[in-house]
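Close look at the chain arrangement
Here is how the chains run, residue by residue.
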Amino acid sequence: MKVVSPFRIGERRQLARGIFQLDLVLECGKVPPPARPGQFVMIAPTFPKSVLPRPFSIYRAGHESLSVVFKVVGDNTRALAFGDIAQQLIITGPCGKPAAVRDDAKLFILVGGGCGLASLRFLAQEMRLRDKVEIMLAAGFPTADEVFGEADFESDLCISMDIATDDGSRGTKGTAFDLFRNIIFGEEGLPDYADIQVFTCGPKPMMKAVAQLCLAEGIPCSVILEEMMACGLGACKGCAVQTASGIKHVCKDGPVFDAREVTEYVAS
Ligand SMILES: Cc1cc2nc3c(=O)[nH]c(=O)nc-3n(C[C@H](O)[C@H](O)[C@H](O)COP(=O)(O)OP(=O)(O)OC[C@H]3O[C@@H](n4cnc5c(N)ncnc54)[C@H](O)[C@@H]3O)c2cc1C
Ligand code: FES
């Protein structure tokens, strides 16, 4: 069940160039049902006023609070980053289906590009609760000053985080996919592929490369699609994607899909 509630900005901080975190607190009204990893919220700023709400992954979830991390790209994200700190935000959620995290996985590999990392933290938190699992994060960014998330993934969740930048200004020169390929084919070798689950979120070419490698190697992989959305509720049909089993709507059937379902789509 989704609930529409007014939230206020508890804290707003800049994490990296153009990247912000908002810690949001429920102001009044109905408490939204507990969110699960993989789900997202639709956020409408009220100052300046937004015509359409925008989708954001849940970075952290509390009982009457949640955090999102986002990149400033247009009017809504600008309003969230620089608009009135006292503004009310109208939030609808939690939206979408929770991710299916495998119970029998021993190693989770997360592959995130840029703000795609934002959808992976809540998932990693769920994985961390399990006994005797290892979690590795391959994170790619355009350049050093856009790197974020180390405090949350490495220090907070104790997850090994390999960093790559397109220009080599931080970590390995290359992409998150290059890091992922090194993990899979690296010298140390990996345990049984049947014990691994991969999640990827970020630019389409990166997700395509990760999905294709996983399919070729028989590694279970889930892809988190961040399609443009109008309603986020399954009503406008604006987020339709062609999958192996017909048309699906990212806001209702996703945003997390089995890579086998959407390889053609991310390759298009
Ligand atoms: C399920 C889901 C989860 C998301 N989670 C996050 C998140 O945690 N952090 C984050 O930074 N972003 C996330 N996004 C993307 C975010 O919704 C967009 O960046 C946001 O809607 C931009 O709104 P805007 O009004 O600022 O920009 P707009 O004016 O709407 O767009 C600015 C520019 O960005 C392009 N654009 C906007 N949205 C998208 C998109 N989804 N894909 C490709 N291009 C786009 C537009 O074509 C335009 O060129 C998510 C999207 C989805 C569907
Ligand atoms: S965004 Fe309206 S149906 Fe998905």
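Predicted model only: the values in this text are computed from it and were never measured.

Conventions used here
Residues numbered from 1 in each chain as written. Chains lettered and ligands numbered in written order. Predicted model: local features only at pLDDT ≥ 70, side-chain atom pairs only at ≥ 80, totals over all residues. Helix = DSSP H or I, 4+ residues; strand = E, 2+ residues; numbered from the N terminus. Pairing = 2+ DSSP bridges. Domains from an automatic or database assignment. Contact = placed C-beta atoms within 7 Å. Nonpolar A, V, L, I, M, F, W, Y, C, P; charged D, E, K, R; others polar. Axes fitted to C-alpha atoms, helices over the stretch in contact; angles between N-to-C directions. Near = placed C-beta within 6 Å. Parallel < 35°, antiparallel > 145°, perpendicular 65-115°, else oblique. Left-handed = near helix turned anticlockwise from the far one by under 90°.

Section: the environment of A99
Note on placement: A99 falls in the loop between β7 (88-95) and β8 (107-113). C-alpha separation for the pair A99 and P255, spaced 156 residues apart in sequence, amounts to 8.4 Å.

Side note on the sheet that holds strand β2 (residues 19-26)
The antiparallel open sheet is built from 7 strands, whose spatial order is β4-β3-β7-β1-β2-β6-β5. Lying at the two open borders of the sheet, with one neighbouring strand each, are β4 (54-57) and β5 (60-61).

With respect to unusual backbone geometry
The step from G93 to P94 runs through a cis peptide bond, and the omega angle for that step is -5 degrees. Considering the arrangement of structural elements, one finds P94 in strand β7. Here the amide bond leading from G254 into P255 is cis, since omega sits at 15 degrees, within 30 degrees of zero. Assignment of secondary structure puts P255 in the loop between α6 (250-253) and β16 (256-258). The phi dihedral of K132 is positive, around 55 degrees, even though this residue is not glycine. Locating K132 in the fold gives a position in the loop between α2 (121-128) and β9 (134-141). Residues other than glycine seldom take positive phi values, yet K237 does so here, at roughly 65 degrees. Residue position: K237 is located in the loop between β13 (221-224) and β14 (240-243).

Details of the domain arrangement of the chain
Here the domain parsing of the chain yields domain 1 (3-95) and domain 2 (107-224). Inter-centroid distance (C-alpha atoms) of domain 1 to domain 2 is 25 Å. Counting residues at the interface gives 15 residues for domain 1, matched by 12 residues for domain 2. When residues of the side of domain 1 that touches domain 2 are traced back to their parent elements, those giving at least two are β1 (3-16), β5 and β6 (65-71). When residues in the side of domain 1 that touches domain 2 are grouped by element, the largest group, 3 residues, is from β6. Taken together, the residues of the side of domain 1 that touches domain 2 break down into 9 nonpolar, 3 polar and 3 charged.

What to know about the sheet that holds β9
Pairing within the open sheet is mixed, and its 7 strands lie in the order β11-β10-β9-β8-β12-β13-β16. Looking along the sheet, the strands with just one partner apiece sit at the ends: β11 (172-173) and β16. Pairing analysis gives 6 bridges linking β8 to strand β12 (residues 196-201), with the strands arranged parallel. Of the residues in β12, the one forming a bridge with G112 is C201. The strands touched by helix α5 (residues 204-217) within the sheet are β8, β9, β12 and β13, with β13 carrying the most contacts at an inclination of about 165 degrees.

Notes on the site of ligand 1
The local shell around ligand 1 holds 22 residues, among which F70, G74, N76, T77 and A118 are the closest. Mapped onto the shell around ligand 1, the elements with two or more residues apiece are β4, β6 and α1 (75-82). When the residues that make up the shell around ligand 1 are grouped by side-chain class, the tally is 12 nonpolar, 5 polar and 5 charged.

Details of the pairing of strand β15 (residues 246-249)
One ladder, built from 4 bridges, connects β14 with β15; its direction is antiparallel. What sits directly across from A240, in β15, is H249. Linking two consecutive strands that pair antiparallel, namely β14 and β15, is a turn of 2 residues.

Digging into the packing of α5 against helix α7 (residues 259-267)
Look at α5 against α7: their axes get within 9 Å of each other, and the N-to-C directions meet at 135 degrees. On the basis of their axis angle, the class for α5 and α7 is oblique. Crossing of α5 over α7 shows left-handed handedness. Residues K204, M207, K208, A211, Q212, C214 and L215 of α5 touch α7, and the partners they reach there are A259, R260, T263, V266 and A267. Class assignment of the residues belonging to the contact of α5 with α7 gives a composition of 7 nonpolar, 2 polar and 3 charged.

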